[in-house]
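Listed here are the chains, written in short residue letters.
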Amino acid sequence: MKIVNVKHLCRTYGEGEARVEALRDVSFSLEKGEFAAVVGESGSGKSTLLNCIGALDVPTSGTIEMDGVNLFSMTEEERTIYRRRNIGFVFQAFQLVPELTVEQNILFPLLLDGRRPGPGAADELLDLLGLTERRGHLPHQLSGGQQQRVAIGRALVTSPKLILADEPTGNLDSRSSRDVMELLTQASRRYGQTILMITHNVGLTSSVDRVLRVTDGVLTDLGGKADEKLS
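Note that this is a predicted model, so its numbers are computed, not measured.

Colleague: Can you lay out the sheet that holds strand β6 (residues 87-91) for me, pointing to particular residues and giving the numbers?
Modeller: Strand order in the open sheet made by the 6 strands is β6-β7-β8-β3-β9-β10, with mixed pairing throughout. Two strands lie at the open edges of the sheet, namely β6 and β10 (218-223), each paired on one side alone. Neighbour-to-neighbour, the strand axes of the sheet open up by a mean angle of 20°, direction not taken into account. Pairing of strand β3 (residues 35-39) with strand β9 (residues 210-215), which is carried by 4 bridges, proceeds in the parallel orientation. Residue pairing across strands places V38 opposite L212, the latter belonging to β9.

In structure tokens form, the structure reads like this:
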């Protein structure tokens, strides 16, 4: 079952001599429960791709459908609501609310959507994340790896159709990076969660289902376990 379907996606910035083609005729799809990684050098277009799929940027041409819904046939307000309810984000810089506890940060997307979580709503996620004993801690009382686990919990709490992870290990040491990758893989396997992650670290792709490479705005599907093609 296709959750994401990208067709002939193009994104350009500027005009004339300043014109930059960030994405060039990109087409691919993601199946439900698939964990895919997008690799590429800085400036290759991978972040632009993530922003377009997350409805944070508007493509110049082409279509992006999520579970059969064309993201850019909606009004901006409709798209904002759809994004909040159907797409989870994990950022390199964590972006936790400093005044909220671990549990409150995880539940924040539900509150933002006007939903009132019941007692114990975060218990299963806190257990999965290994943060049960830190549920009352504030972000500044956590390590970088723990903060990123909170961010993953926040992305999972709405059971979104898609999680977009933007360099989720970029600010972490090697051990914390492995822990974060293990959690993302668990989320994909345990909850059937579809995940698209961008990274410049080829070493993180060994546990994903499929590897996509972006070079100068052009996407190439390298398939699964494509380590040898990335060397």
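Colleague: How would you summarise the sheet that holds strand β2 (residues 20-31) if you had to cite specific residues and measurements?
Modeller: Across the sheet, which stays open at both edges, the 4 strands sit in the order β2-β1-β4-β5 with antiparallel pairing between neighbours. Edge positions in the open sheet fall to β2 and β5 (69-70), since each of these has one partner strand only. The pairing of strand β1 (residues 2-13) with β2 spans 8 bridges and is antiparallel. Residue pairing across strands places T12 opposite E21, the latter belonging to β2. Packing of helix α1 (residues 46-53) onto the sheet brings it into contact with β1, β2 and β4 (61-66), and relative to β2 it is tilted by some 60°.

Colleague: I'd like a description of the pattern of salt bridges, backed by residues and values.
Modeller: Taken as a whole, this structure holds 12 salt bridges when the rule is applied. Between E34 and R210 there is a salt bridge, with its nearest N and O atoms 2.7 Å apart. Taken as a pair, E34 in the loop between β2 and β3 and R210 in strand β9 lie far apart in primary sequence, 176 residues in all. For E34, a relative accessible area of 11% puts it in the buried group. On the basis of relative accessible area, R210 is assigned to the buried category, the value being 13%. One salt bridge connects R115 with D113, and the closest N-O pair in it is separated by 3.3 Å.

Colleague: How would you sum up helix α5 (residues 144-156)? Please name residues and give values.
Modeller: Compared with the 18 Å implied by 1.5 Å per residue over 13 residues, the 19 Å span of α5 between its first and last C-alpha is a close match. Across the 13 residues of α5, 12 count as buried, placing the element largely inside the fold. What α5 keeps buried is the set G145, Q146, Q147, Q148, R149, V150, A151, I152, G153, R154, A155 and L156.

Colleague: Outline the pairing of β4, listing residues and values.
Modeller: In this sheet, β4 lies alongside β1 in antiparallel orientation, the contact comprising 5 bridges. Residue pairing across strands places K7 opposite T63, the latter belonging to β4. Relative to β5, β4 runs antiparallel, the two being bridged by 2 bridges. Bridge assignment links M66 to a residue of β5, and that residue is V69. Count of turn residues in the β4/β5 antiparallel hairpin: 2 residues, of which D67 carries a positive phi of about 55°.

Colleague: Tell me about the state of the cysteines, and please be specific about residues and values.
Modeller: Under the criterion given, the structure shown has 0 disulfides. Sulfur of C10: no disulfide; nearest cysteine sulfur belongs to C52 and is 10 Å away. The buried category is assigned to C52, whose relative accessible area is 0%.

Colleague: Give a detailed account of the environment of L183, specifying residues and quantitative values.
Modeller: By the secondary structure assignment, L183 is in helix α6 (residues 174-191). Here L183 falls in the buried class, since its relative accessible area comes to 6%. In this structure the C-alpha to C-alpha distance between L183 and S73, which are 110 residues apart in sequence, comes to 34 Å. Leave out the neighbours within four places in its chain, and L183 touches L128, L129, R149 and I152.

Cut-off values and rules
Residues numbered from 1 in each chain as written. Predicted model: local features only at pLDDT ≥ 70, side-chain atom pairs only at ≥ 80, totals over all residues. Heavy atoms only, no water. Pairing = 2+ DSSP bridges. Helix = DSSP H or I, 4+ residues; strand = E, 2+ residues; numbered from the N terminus. Axes fitted to C-alpha atoms, helices over the stretch in contact; angles between N-to-C directions. Contact = heavy atoms within 4.5 Å. Salt bridge = Lys/Arg side-chain N within 4 Å of Asp/Glu carboxyl O. Buried < 20%, exposed > 50% of the residue type's maximum accessible area, 1.4 Å probe, protein only. Expected span 1.5 Å × (residues − 1). Disulfide = S-S within 2.5 Å.

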